[in-house]
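Summary of the model geometry
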Amino acid sequence: MKRSLGITVTEHLLRQQKETPAATGAFTLLFNELNVAAKLINREINQAGLNDICGYTGEENVYGEKVQKLDDYSHHTLVRRLIQAGQLCAIASEEDADLIEIPTGYAMGSYILLMDPLDGSSNIDVNVSVGTIFSIRRRIKAGGPVTLDEVLRKGSEQVAAGYFIYGSSTMLVYTTGDGVHGFTLHPSIGEFLLSHENIQIPEVGRIYSVNEGYYCYWDEPVRRYVDYLKTPDASGNRPYTSRYIGSLVSDVHRNLLKGGIFMYPADRRDPKKPYGKLRLLFEAAPMAFVVEAAGGAASDGTRRILDIEPETLHDRIPLYIGSKENVAEAEKFMRREMPMGAE
Ligand SMILES: O=P(O)(O)OC[C@H]1O[C@](O)(COP(=O)(O)O)[C@@H](O)[C@@H]1O
Ligand SMILES: [Mg+2]
Ligand SMILES: [Mg+2]
């Protein structure tokens, strides 16, 4: 196990490439550019407050959210670097209403990148960890402009997914579906080095993570489940510990290492957003791909996230993600299968 720690991402990818006869090196090139973009974003985040990266651009995105300067910087940095990589045929971003085509004059590849350029925007100005989420798919058509049906596919069809977390240390966590690996950015070398090989999420955890400020807007099954987590039981397993950072990447990353469940349920705050806040293609599906590859689970309360076919690029979805036993228990409540008095 300890033999690989400290190798670079490129070395790690090349080792995987050797084990994949059909590999062409395109994925490794794409990934390298992703890392370069993340390092540029990391540099801006580390200087937040000294540079002009805090605050709003004055624009609103397709979700009606005010766009932060760092959302915008991260979006454009990723688009610029990844187009240059020459391995993509299209990009979809949380910060763009439409599919981004590869401009003429740039090499086209067969991969499609979907991304949440900056996750945890409400934490940017207050020095709390934020992230970048990415999802990589292979196109299904042989050529020509990419059409939406090539992008609106189940999460189980991703070829890779992961995230960068810009926190006390800067990390990359990714999977190609077989094993989840974490790399830490070595500040002086400037390289992501393997630090967490083959991450396995505990089968069950005693951490729950949800914004309880929305309790009054939740449906009864969600309230019952959260009440249950906070009610002491005879075996001393409950109450659980509550942790909520408010950055999806950071909350899921913590649970990936310690076990537990993160949830962003649907709520009745805004009739225009009946399915909660999180985005299926840019947030739920890539995080589900990582957590499942680490032995965990991800659900919308009743369905496996990776089995859900998106209807639009910007679908929202309720999310229950983390340790297998915790997600299974949450689903029992959402399906109203938990007997009354189970609390
Ligand atoms: O403030 P709330 O409603 O708890 O929402 C927090 C959630 O919203 C998000 O910030 C949404 O992501 P973006 O920052 O990419 O818009 C998640 O990271 C986080 O889990
Ligand atoms: Mg996000
Ligand atoms: Mg975002």
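Because the structure is predicted, anything quoted here is derived from the model rather than measured.

Concerning the side chain of Glu 33
Along the polypeptide, Glu 33 turns up in helix H2 (residues 26–46). Apart from the residues within four sequence positions on either side, Glu 33 is in contact with Arg 81, Leu 82 and Ala 85.

Considerations on the coordination of the magnesium ion (ligand 2)
Protein-derived coordination of the magnesium ion (ligand 2) comes from Asp 116 (OD), Asp 119 (OD) and Glu 283 (OE), at a distance range of 1.8 to 2.1 Å. The motif formed by the donor residues of the magnesium ion (ligand 2), counted along the single chain, is D-x2-D-x163-E. If you look at the magnesium ion (ligand 2) and the magnesium ion (ligand 3), they sit 3.6 Å from each other and are both ligated by Asp 116. Here Asp 119, found in strand S5 (residues 111–119), pairs with Glu 283, found in helix H6 (residues 280–293); they are 164 residues apart in sequence, far enough to count as distant. Residue class for Glu 283 comes out buried when judged on its relative accessible area of 2%.

Here we look at the UniProt feature "domain: Fructose-1-6-bisphosphatase class 1 C-terminal" (unreviewed entry) in the protein chain
UniProt marks residues 201–334 with the feature "domain: Fructose-1-6-bisphosphatase class 1 C-terminal" (unreviewed entry), using the numbering shown here. Secondary structure across residues 201–334 divides into 34% helix and 12% strand, with the first and last C-alpha atoms of the span separated by 23 Å.

Brief notes about a nonpolar patch on the surface
A contiguous nonpolar patch, built from Val 126, Val 128 and Ile 245 and spanning about 200 Å² of accessible area, is present on the exposed surface. Mapped onto the secondary structure, Val 126 falls in the loop between S5 and strand S6 (130–138).

Considering the site of ligand 1
Neighbouring residues of ligand 1: 17 residues in total, closest Asp 119, Tyr 214, Tyr 244, Tyr 264 and Arg 279. Here Leu 248 contributes a backbone N or O atom positioned 2.8 Å from an oxygen atom of ligand 1. With respect to ligand 1, the side chain of Lys 277 contributes an N or O atom lying 3.0 Å from an oxygen atom. Burial of ligand 1 by the protein chains amounts to 92% of its free accessible area of 470 Å². Mapped by element, the contributors of at least two residues to the shell around ligand 1 are S5 and strand S13 (261–264). The element that contributes the greatest number of residues to the shell around ligand 1 is S5, accounting for 3 residues. Of the residues assigned to the shell around ligand 1, the class counts are 6 nonpolar, 5 polar and 6 charged. There are two domains that each give the shell around ligand 1 at least three residues, and those are domain 1 (9–196) and domain 2 (207–342).

Thoughts on the sheet that holds S5
Strand order in this open sheet of 8 strands is S4-S3-S5-S6-S7-S8-S9-S10, and the pairing throughout is mixed. Each having just a single partner strand, strand S4 (100–101) and strand S10 (191–196) make up the two edges of the open sheet. When strand S8 (residues 170–175) meets strand S9 (residues 180–186), the two strands line up antiparallel, connected through 5 bridges. Across the sheet, Tyr 174 pairs through a bridge with His 181, a residue of S9.

Points about the pairing of S5
In terms of burial, S5 is largely enclosed, as 9 of its 9 residues are buried. Relative to S5, strand S3 (residues 88–93) runs parallel, the two sharing 5 bridges. Within S5, the residue paired with Ile 91 across the bridge is Leu 113. Pairing of S5 with S6 involves 7 bridges; the strand directions are antiparallel. Following the sheet pairing, Tyr 111 is matched in S6 by Arg 138.

A closer look at the nonpolar core
Core analysis: the biggest nonpolar cluster contains 39 residues, and Phe 31, Leu 34, Ile 91, Leu 113, Phe 134, Ile 136 and Leu 172 have the highest contact counts within it. Per element, the largest residue contribution to this core is 9 residues, and it comes from H2. One finds Ile 165, Val 249, Phe 289 and Val 291 within the second-largest nonpolar core, a separate group that totals 33 residues.

Describing the sheet that holds strand S14 (residues 297–299)
Overall, mixed pairing links the 5 strands, which are arranged S12-S11-S13-S15-S14 in an open sheet. Looking along the sheet, the strands with just one partner apiece sit at the ends: strand S12 (241–242) and S14. With 4 bridges connecting them, S13 and strand S15 (residues 319–322) associate as antiparallel partners. Directly across from Tyr 264, in S15, lies its bridge partner Leu 319.

Considerations on the pattern of salt bridges
All chains considered together, the criterion is met by 21 salt bridges. Where Arg 81 meets Glu 33, a salt bridge forms, and the shortest distance between an N and an O atom there is 2.9 Å. Taken as a pair, Arg 81 in helix H3 (residues 69–85) and Glu 33 in helix H2 lie far apart in primary sequence, 48 residues in all. You can call Glu 33 buried: its relative accessible area is 17%. Measuring nitrogen to oxygen at the nearest pair gives 3.0 Å for the salt bridge that ties Glu 283 to Arg 279. Salt bridges sharing common partners tie together Glu 65, Glu 94, Arg 279 and Glu 283.

Criteria and cut-off values
- Residues numbered from 1 in each chain as written.
- Chains lettered and ligands numbered in written order.
- Predicted model: local features only at pLDDT ≥ 70, side-chain atom pairs only at ≥ 80, totals over all residues.
- Heavy atoms only, no water.
- Helix = DSSP H or I, 4+ residues; strand = E, 2+ residues; numbered from the N terminus.
- Contact = heavy atoms within 4.5 Å.
- Donors = N, O, S within 2.8 Å, 3.2 Å for Na, K, Ca; no water.
- Buried < 20%, exposed > 50% of the residue type's maximum accessible area, 1.4 Å probe, protein only.
- UniProt positions renumbered as here; feature names shortened; annotations may be inferred.
- Patch = residues over 30% accessible without salt bridge, like charges linked within 9 Å, V, L, I, M, F, W, Y side chains within 5 Å.
- Areas by Shrake-Rupley, 256 points an atom, 1.4 Å probe, with all protein chains shown as cover.
- Salt bridge = Lys/Arg side-chain N within 4 Å of Asp/Glu carboxyl O.
- Near = heavy atom within 4 Å.
- Polar contact = N/O pair within 3.5 Å; in protein donor to acceptor, adjacent residues only side chain to side chain.
- Nonpolar A, V, L, I, M, F, W, Y, C, P; charged D, E, K, R; others polar.
- Domains from an automatic or database assignment.
- Pairing = 2+ DSSP bridges.
- Core = buried A, V, L, I, M, F, W, Y, C linked by side-chain atoms within 4.5 Å.

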